[in-house]
Amino acid sequence: IYRPIPLTPLWAIGCKRENFTADSLDRNNSVPTTSNEVNTNMNGNFLTTNGTISPYVGELVESLGMNRLRGGGVGNKVMNLLEGKGDCYIQVRCFLYSVI
């Protein structure tokens, strides 16, 4: 995964079978998410798309008591997860749900 947006690009790679990981992650939270929101909720951040979310995802975020944190691009949201900016992410495509 590669994020070219900041002055110093950020990236993460890995191969589970070869027990290999390497990264250049934003460990000091200097790169904001797209929404620039701050987590003030003890239940954590639920990463979502910048756009409209389905009623199901909206109700899920609310029922979990989490803060909705908007981010662009699935790679960016995964990077936010790896960097600890988000606690979960769900991608909704054609009624198929993938929870990471």
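This write-up is about the structure you can find in this document. (Residues numbered from 1 in each chain as written. Predicted model: local features only at pLDDT ≥ 70, side-chain atom pairs only at ≥ 80, totals over all residues. Heavy atoms only, no water.)

**As for the overall build of the protein chain**
Along the backbone of the protein chain there are two helices and seven strands. Going from N to C terminus, the protein chain has its helices and strands arranged as β-β-β-β-α-β-α-β-β. The long-range share in the protein chain, meaning contacts at least 24 apart out of those at least 6 apart in sequence, stands at 44%. By element, 56% of the accessible surface of the protein chain is carried by carbon and sulfur atoms, the whole surface being about 6700 Å². (Helix = DSSP H or I, 4+ residues; strand = E, 2+ residues; numbered from the N terminus. Contact = heavy atoms within 4.5 Å. Areas by Shrake-Rupley, 256 points an atom, 1.4 Å probe, with all protein chains shown as cover.)

**Details of the nonpolar core**
As a rule of thumb, nonpolar side chains are buried together in soluble globular proteins. Membership of the largest hydrophobic core is limited to six residues, which are F46, V57, V61, M66, C88 and I90. Where this core is concerned, the elements lending two or more residues are α1 (55-64) and β6 (88-93). (Core = buried A, V, L, I, M, F, W, Y, C linked by side-chain atoms within 4.5 Å. Buried < 20%, exposed > 50% of the residue type's maximum accessible area, 1.4 Å probe, protein only.)

**Let's talk about the side chain of N45**
Take N45: it is sitting in strand β4 (residues 45-48). A relative accessible area of 5% means that N45 is categorised as buried. A polar atom in the side chain of N45 sits 2.9 Å from the side chain of N67. In this structure the side chain of N45 is engaged in a polar contact, spanning 2.7 Å, whose partner is the backbone oxygen of K85. (Polar contact = N/O pair within 3.5 Å; in protein donor to acceptor, adjacent residues only side chain to side chain.)

**A look at helix α2 (residues 74-82)**
Among the residues of α2, N76, K77, V78, M79, N80 and L81 are the ones counted as buried. Just downstream of α2, G84 is the residue with a positive phi angle, here 80 degrees.

**Side note on the sheet that holds strand β1 (residues 2-3)**
Sheet architecture is open: three strands sit in the order β1-β2-β3, paired in antiparallel fashion. Single-partner strands in this sheet number two, and they are β1 and β3 (20-24). Two elements, β1 and strand β2 (residues 10-15), share two bridges in a ladder whose sense is antiparallel. The residue of β2 that forms the bridge with Y2 is W11. (Pairing = 2+ DSSP bridges.)

**Quick notes on the pattern of salt bridges**
Pairs may arise between side chains of opposite charge once their charged atoms sit close together. Taken as a whole and judged by the stated rule, the model has four salt bridges. Among the ionic pairs, R3 bridges to E83, the shortest N-O distance being 3.1 Å. Of this pair, R3 sits in strand β1 while E83 is found in the loop between α2 and β6, placing the two residues 80 residues apart along the sequence. The pair formed by R3 and E83 is uniform in burial state, with each residue classed as buried. As a salt-bridge pair, K85 and D26 come within 2.7 Å of each other at their nearest N and O atoms. Placement of K85 in the loop between α2 and β6 and of D26 in the loop between β3 and β4 is noted, with a sequence separation of 59 residues between them. Comparing K85 with D26 shows no difference in burial state: the two are buried. (Salt bridge = Lys/Arg side-chain N within 4 Å of Asp/Glu carboxyl O.)

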